[in-house]
Amino acid sequence: MTAPVLEIAGVSKRFGTNLANDDISMTLAKGEVVALLGENGAGKTTLMSILFGHYVPDEGRILIDGVELPPGKPRAAIRAGVGMVHQHFSLAPNLTVLENVMTGTEKLLSWRSETSAARNRLLDISERFGLKVDPDARLGDLSVGEQQRVEILKALYNDARILILDEPTAVLTNIEAERLFTTLKEMASQGLSLIFISHKLDEVMAAADRIVVLRGGKMVAERKAEDTNKAELAELMVGHRVTRPVREPSKPGAVVLEAADITVRIGGVDRLKSVSFRLREGEILGIIGVSGNGQAALAHLLSGTLSRNAGDLRLFGEPIGNLGVADVVSAGIGRIPEDRNTEGAIGEMAIWENAVLERITSFSRGGFVNRKAGMAFAREIIDQFDVRGGNPASRTRLLSGGNMQKLILGRNLHERPRILIAAQPARGLDEGAVAAVHSRLLEARRQGTAVLLISEDLDEVIALADRIQAIVGGRLSPPVEADDADARMLGLMMAGEWQANSEAGHAI
Amino acid sequence: MRFERRDHRPLYLLVLTPVLAVIAALALSGILIAIAGAPVLEAYWRILTSAFGSRLSATETLTRATPLMLTGLAAAVAFRARLWNIGAEGQFYLGAIAVAAAGSQLLAGLPAPVVIPLLLVIGAIAGMALILIPLWLRLRFSVDEVVTSLLLNFIALLFVSMLIDGVLKDPMAFGWPQSQPVSDAATLPKLIARSRLHIGFAIAIGLAILVHLIQSRTVFGMQSRAAGLNPEGAVFAGVPLGRTLVKVACLSGGLAGLAGAIEVMGVKGYVTTDLSPGFGYAGIVVAMLANLNPLGVVLAALFTATMFVGADGMSRSLGIPTYIADVTVALSLLTMLIALFFTQYRIRR
Amino acid sequence: MMQLFDIVASAGLWAAVLRIATPLIFGTLGALLCERAGVLNLGIEGIMTFGAMIGWLSVYHGADLWTGLLIAAIAGGVFGLLHSALTVTLGLSQHVAGLGVTLFASSFSYYVFRLIVPVANTPPTIVPFQPIAIPGLSDLPFIGQALFTQTAPTYLAIVIALLMAYIIFRTPVGLAIRMTGENPHAAEAQGVNPMKVRYGAVIAGSALMGMGGAYLTLSAFNSFFPTMMQGRGWICIALVVFASWRPGRALFGALLFAFFDAFQLRLQTVLSGVVPYQIFLMTPYILSIVALAIMARRARVPQALMQPYRRGER
Amino acid sequence: AAPMKVAGIHASPVENAWNSCLHKALQDAAKEGVIEYVFSEGVSGTDYPRAMREYAEQGNKLIIGEAYAVEKEARQVAADYPDTAFVLGSSGEQAGSNFGVFGTWNHDGAYLAGMLAGKMTKSNVVGSVGAIPIPEVNMLINAFAAGVKAVNPDAKHLVSFIGTFFDPPKAREAGLAQIDAGADILFGERIGTADAAKERNIKAVGSLIDYTPRYPDTVFANALWGFRPILNAAIADVAAGKPVGNNYTAFGLMKEGGSDIVYVKGTAPADAEAAMEAKRAEIKAGTFEVPKMMEEPK
Ligand SMILES: Nc1ncnc2c1ncn2[C@@H]1O[C@H](COP(=O)(O)OP(=O)(O)OP(=O)(O)O)[C@@H](O)[C@H]1O
Ligand SMILES: Nc1ncnc2c1ncn2[C@@H]1O[C@H](COP(=O)(O)OP(=O)(O)OP(=O)(O)O)[C@@H](O)[C@H]1O
Ligand SMILES: [Mg+2]
Ligand SMILES: [Mg+2]
């Protein structure tokens, strides 16, 4: 075997009392694709940040082609050929693509930016790797997928030979993700070495040559892709066997929520166009679709933060007007927002406050908050939903994504809602956390809750939903029974193919 | 060298760091005092006695702390909700002029128990009215309120200057631009006779406690905090964002207006354009020193007033330039800010 | 109406506009540079005061005018260093640190001035910058007298405005500054040290503020007075927003503001006593707010403005 | 006898012309060994009463300053410290036995300077730049204008206020604006005005103190005001144990020798100087009184 391009030797890093990386060593060969796998908080991002010079390790060394990198110097890492695509994009929305890419690439104290040369070079690279972008577009105007491309181009522009991608597909649609991995494979064949982090085992199995698993800051396993399988990886990650729960047959009850010809217009654009659906007690209705097709508007409408421009909504059989958040909550509708960090929780507030904020009227009297009751409520959620990493009084920001999601689930399911609007409930979670969220949703269904599951993850929807509708360009397809559906058919629906066939009844 | 956020704040640190800050500030201003040729140790002693050494100095310190508490609360309330109200100075003046207008003309002749509460409310309302302008601009046009509220300070001051030079001018002031005085009934009773300390001081402390209760115990307090920390999250949780901000703004502007009202009714009796030596701006610093905690504001205001009154008196008794007082206050604020930082962070490597 | 027209058509008005605008141009550019890198510098009022004091004091003690201006710039830079230490290294709240710097810098200026300069019946004077008639241009009718008979710092201010526009939009360091103001994490990820960029921008910006203050004592007037800054620094903070963080527009904004001021001074000579003088003085502030309301939607605030950047913290 | 302990409290920095009159007189007295002088400057309205009390408690016998912004409280303080004498610049009346007041009445000089200016102007436009229209500023500007009108009824008189006591660059701009509007002689109630005149090579009149040394070829006349006579009278009263609850303004009048005009001879036409000197003599003799007009000049 040839000498590794990258060697991580005995790296440890401590945050306060928390040992985030514990004596980790690994290597990467030229042209190799390594997947880094682990639960939320296992230390993956930390390790990669050390490699890139964001963090200074407490112990250990990073060697590129056998030469040690000075710790804590991103510039040195870039020079040595390391490129990093961050878990949370590091881009400036107000600058152009070219400006985002060019930052820091020239000698700082020169009298001129060689803009046109840089534009040509960027176009060359984007041509070569099939990553198409408009260099002069304002970054904030691009879709998430395009922004991801810019992130990769940034690294390639710096002549990266080692590319690190931290959860690159967390915000991409399946199609975009597939396209990305094709590109990455292509890059590897051109001699680039890659490390990517992902929670999606399918991706890992499909794209990686080798898989490294972290747990609790330690490296617990290393496998060649051909020598392992999804089940083993899941078990290695979590430390015990994980199985995703399966849906049992159920008898849906009465229709609790019915939408007819609903239209929602935001800023002059129709985000929802005559959308109709029916949601029954004890069933999960899955709404699939590529993000940006109206899911957010649908979720916000039903969550009480958006009002409709046209159409009828019937709740428990009664026609209703526009709903505010308070109405929605008091009507017994639970809501799991798409983005737990911005909408789902207020990071700087205590866990108990986040638990009660949306139903504050039931935890207050005469305008005064009943702190004791709130704390008790939070403690119950923490116990029942296995929220780890904090007590009711600690700041919510300190919870990991999975645990924050459990908190959000808990505050909604605790009161056994009649309807639950769940938008991307398992996004970015590790295998164990995904299983936990899924089983909670199924349990709610068993207890008679009507669940509207909005998701981009086909596997998730097929596994959980009783019926499935696709959302495309603000329109909703007719429902199909999940048992009749397969990935190919759903793929067609997500591409908007139902319209052609819908006249022929439910021919598919 | 890096800074790392502390998980726990040990008690000794919370006590020790402010003390170190004061020592550092005094050491630095000691250098300046020495340069002026005055005995440094004696200067320190004079600072102490000038702030608390006699009945006069102690009551003066508390009197000067009173408006700082109120403007400090105004800033703390607004900043908690991320409403960057830099306009307390202008709100202070509007509160003051409203009280002067009402207290000298409209309500003259009413007995004290009626007129005093009424005037306090009027002062608060005037402060609210002014802050609603930047708030409206923010909600309607998304104009950053830092700048608009700052600019409104100058407009408010000129407006007051115009009034006290015109319709509200005191004809007994021989043409000097000053407002008519508020009636005797409208003068706040003294807390201590033969001093300037008035019940406004007690009102300020009472309001600090009230604001503390509002912020820590009420639904509105929780919602305004949520709105400040994460507006999107707050909206999702059903917090009426606009309405909450309006309420926060009214509370903040009201407190600043009240500060002006109380300064007029308690101390000066009428309005001139030099009523406030920057109380509105100082309130911002007081609020930050207090970490936006309403009860902390009381302490921070007392601290600031102590430093000022102490150093001011010291300069007089030692015959060094009066400006040393502001220098000492500024140094204490800066060192105190740094000290507060180190109660939250530790140095690593 | 005729009188108003005469005022606007007088070369004297436009010459005054440039003079009144000069300290504002320096200050606004300084504040703009800081904010482009993500740091609000409310220390400006104090830094300008100190610049005015130290620049004047240096010349009073024998330095030549340009050295005085340079010393004011350096002193401004030193206060910029203080502000950076507080807001960049420690990441303290930028409002408050700025107000603290202003309080310190201005009271310190007065204290030093009082210690060093003996109190005299009238404040001691220096020989300030003299107007330079630019040969050829200054002989042009109207424009010549209006624009080309200023003192050297005024020309310098305009050159700096154009230079800054070039640097911010056309050079690598300008891009690094903009990126730091938009997203310091992204800057760091590209190997640009946001801390250093912020330090540099705040120090350089504060140096400009110091020069703006010095203009008042080295050109607009020939003595230093405590309290002479009169809120000019705060105006600059407003002008930065008015200018949507663009140097060219900052130049325009400063000139516009100065126009209001020069205009009201002249309007008083024809309308004296009819309208309270406070109304005239208010106009520039009111119009600034109106302009903000009109422009705000289009303004692109640096996204990381007022957000501290701490390495290794999320 | 040991020098009397006297304290000065200045709301403005002592560079401010008015305060500098007080400050200079006090410093001179201290140099002569008559008094022992301590002072505070830049004292805001809120802090002013405290400064008075502190100086009183420190055993100062006489406290000199300005009550304008604190008229009510200052009297309160005086009442609380009956053993200390307070003599303050004020628009109000004296109070009790220990609270004396004085005004700044140098309008006689301003009137006389106006008489010179009225004969000197070629454009027939003169201008005055003031701080804010308070009575004593108004009186001064009105007297100047009256002097101009007395000798040249057709002359036009421009007035600007800069809205603050302390912004010399702004006063200069206001002066330039008046020159642009045609004025060729400026009356500078505020420092900074003469700078405009100097820049445009016209003449200016100063107020309170003698500006001619500072602007040799520009300021040709000054309406002086001397505080020393007032101070001497107050010191004498205190030393003699007499109550100081008097109005000391008169000691600052021209006919009492407190104020005067100084001018550069030969700048104005000889007949103008002669006419002015005649008026000056009348004022000193008490046969002519310059009108006291306190309303805002138009
Ligand atoms: N800046 C920080 N300050 C303090 N602790 C941190 C910091 N960053 C990470 N940690 C700690 O390090 C541990 C590892 O975090 P890291 O972000 O590396 O996890 P991860 O494996 O990337 O998780 P995920 O899959 O959720 O992205 C966490 O448990 C956390 O406690
Ligand atoms: N500033 C911080 N200080 C200390 N611990 C932190 C900090 N930020 C995050 N953590 C810890 O990091 C761990 C992982 O957090 P992280 O945000 O990576 O979760 P995540 O699952 O990746 O969330 P997301 O899905 O939103 O990316 C958590 O255990 C949390 O306690
Ligand atoms: Mg991670
Ligand atoms: Mg994650």
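As a reminder, the structure under discussion sits directly above these lines.
Everything numeric in this text was worked out from a predicted model, so none of it was measured.

1. Side note on the overall build of chain C
Looking only at helices and strands, chain C features 13 helices and zero strands. Mapped in sequence order, the helices and strands of chain C form the string α-α-α-α-α-α-α-α-α-α-α-α-α. Summarising its shape, the C-alpha atoms of chain C cover approximately 65 × 50 × 40 Å along the three principal directions. Evaluated residue by residue, chain C yields a buried proportion of 68% over its 314 residues. The contacts in chain C between residues at least 6 apart in sequence include a share of 79% that link residues at least 24 apart. Carbon together with sulfur atoms contributes 70% to the accessible area of chain C, which is approximately 9,900 Å² in total. Between the mean site of the 17 positive side-chain charges and the mean site of the 9 negative ones, chain C shows a separation of 9 Å.

2. Quick look at the sheet that holds strand S2 (residues 18-28) of chain A
Residue and element names in this part refer to chain A. The strand order across the open sheet formed by four strands is S2-S1-S4-S5, and the pairing between neighbours is antiparallel. Every interior strand has two partners, whereas the edge strands, S2 and strand S5 (67-68), have only one. Each of strand S1 (6-15), S2 and strand S4 (59-64) touches helix H1 (residues 44-52); the most contacted strand, S1, lies at about 120° to it.

3. With respect to the interface of chain A and chain B
The interface is formed by 31 residues belonging to chain A together with 22 residues belonging to chain B. A buried area of about 2,200 Å², summed over both sides, lies between chain A and chain B, and 60% of it is on carbon and sulfur atoms. Of all residues in chain A, Glu343(A), Ile346(A) and Leu357(A) bury the most surface against chain B, accounting for 21% of the area lost on that side. Residue Arg225(B) pairs with Glu353(A) through a salt bridge whose shortest N-O separation is 2.1 Å. Listed by contribution, the elements that provide at least two residues to the side of chain A that touches chain B are S1, helix H11 (340-344), helix H12 (351-356) and strand S18 (368-369) of chain A. Residue composition of the side of chain A that touches chain B, grouped by class: 13 nonpolar, seven polar and 11 charged.

4. Focus: the site of ligand 2
By nearness alone, 10 residues border ligand 2, and Asn40(A), Arg340(A), Asn341(A), Leu398(A) and Gly401(A) come closest of all. In this structure, ligand 2 sits where chains A and C come together, each supplying nearby residues. For ligand 2, an oxygen atom lies 3.0 Å from a polar atom in the side chain of Asn40(A). Leu398(A) is positioned such that a nitrogen or oxygen atom in its backbone is 2.2 Å from an oxygen atom of ligand 2. In terms of residue class, the shell around ligand 2 is built from one nonpolar, six polar and three charged.

5. A word on the environment of Asp165(B)
Structurally, Asp165(B) can be placed in the loop between helix H6 (145-164) and helix H7 (200-217). For the pair formed by Asp165(B) and Pro177(B), sequence separation is 12 residues and the distance between their alpha carbons is 4.7 Å. Ignoring any residue separated from it by four or fewer positions in sequence, one finds Asp165(B) in contact with Pro177(B), Tyr277(C), Gln278(C) and Pro133(D).

6. Section: the pattern of salt bridges
For the coordinates displayed, the defined rule picks out 64 salt bridges over all chains. One salt bridge connects Glu41(D) with Arg114(C), and the closest N-O pair in it is separated by 2.3 Å. Here Arg114(C) lies in helix H5 (residues 94-116) and Glu41(D) lies in the loop between strand S2 (35-40) and helix H2 (48-57), a pairing that spans two chains. On the accessibility criterion, Glu41(D) (1% relative accessible area) is buried. Arg114(C) gets classed as buried once you look at its relative accessible area, which sits at 8%. Salt bridges linked by common partners bring Glu60(B), Arg64(B), Arg196(B), Asp312(B), Arg316(B), Asp47(D), Arg50(D), Glu54(D) and Glu73(D) together as one network.

7. Examining the sheet that holds strand S6 (residues 82-85) of chain A
Residue and element names in this part refer to chain A. Within the open sheet, the six strands sit side by side as S6-S7-S8-S3-S9-S10. Their pairing is mixed. Looking at strand neighbours, the two that pair on one side only are S6 and strand S10 (218-224), the edges of this open sheet. Along the sheet, successive strands turn relative to each other by an average axial angle of 20°, direction set aside. As judged from the five bridges shared by strand S7 (residues 162-166) and strand S8 (residues 193-197), these two strands associate in the parallel manner. By the bridge assignment for S8, Asp166 is matched with Ile197. In the packing of helix H6 (residues 174-189) onto the sheet, the strands contacted are strand S3 (33-38), S7 and S8, and the crossing angle to S8 comes to about 150°.

8. Topic: the arrangement of the chains
By contact count, the dominant pairing among the five pairs of chains in contact is that of chains B and C. If you take every C-alpha in chain A and every C-alpha in chain D, the smallest gap between them is 38 Å, and the two do not touch.

9. A few points about helix H5 (residues 112-141) of chain B
Residue and element names in this part refer to chain B. Over its 30 residues, H5 extends 43 Å from the first C-alpha to the last, a length consistent with the 44 Å expected when each residue adds 1.5 Å. The sharpest bend along H5 measures roughly 25° and falls at Leu132, with the proline Pro134 sitting one to four residues further on. Where H5 ends, the next residue or the one after it, Ser142, has phi of about 45°, a positive value.

10. Observations regarding the layout of surface pockets
A probe matching the size of a water molecule, rolled over the atoms, marks out where space remains unfilled. Residues and elements named next belong to chain A. Taken as a whole, the second largest pocket holds about 1,200 Å³ of empty space. Taken together, 44 residues form the lining of the second largest pocket, with Asn174, Lys200, Asp202, Asp457 and Asp459 sitting closest to its centre. Sorting the residues of the lining of the second largest pocket by element identifies H6, helix H7 (201-207), helix H8 (230-238), helix H15 (431-446), helix H16 (458-464) and helix H17 (487-494) as the ones contributing at least two each. Top contributing element to the lining of the second largest pocket by residue count: H6, with six residues. Class assignment of the residues belonging to the lining of the second largest pocket gives a composition of 19 nonpolar, 11 polar and 14 charged. Counting contributing residues per domain, the lining of the second largest pocket is built from domain 1 (1-81 + 161-242) and domain 3 (256-332 + 417-503), each supplying no fewer than three.

Calculation notes
Residues numbered from 1 in each chain as written. Chains lettered and ligands numbered in written order. Predicted model: local features only at pLDDT ≥ 70, side-chain atom pairs only at ≥ 80, totals over all residues. Heavy atoms only, no water. Helix = DSSP H or I, 4+ residues; strand = E, 2+ residues; numbered from the N terminus. Buried < 20%, exposed > 50% of the residue type's maximum accessible area, 1.4 Å probe, protein only. Contact = heavy atoms within 4.5 Å. Areas by Shrake-Rupley, 256 points an atom, 1.4 Å probe, with all protein chains shown as cover. Lys, Arg positive; Asp, Glu negative; His and termini not counted. Charge placed at Lys NZ, Arg CZ, Asp CG, Glu CD. Pairing = 2+ DSSP bridges. Axes fitted to C-alpha atoms, helices over the stretch in contact; angles between N-to-C directions. Buried area = accessible area lost by both parts, 1.4 Å probe. Salt bridge = Lys/Arg side-chain N within 4 Å of Asp/Glu carboxyl O. Nonpolar A, V, L, I, M, F, W, Y, C, P; charged D, E, K, R; others polar. Near = heavy atom within 4 Å. Polar contact = N/O pair within 3.5 Å; in protein donor to acceptor, adjacent residues only side chain to side chain. Expected span 1.5 Å × (residues − 1). Bend = angle between axes of the 7 residues up to and from the residue. 1 Å grid on protein atoms, 1.4 Å probe; cavity = no way out; pocket = protein on both sides within 12 Å on 5 of 7 lines; lining within 4 Å. Points joined across faces, edges and corners; volume = space filled by probe spheres on them. Domains from an automatic or database assignment.

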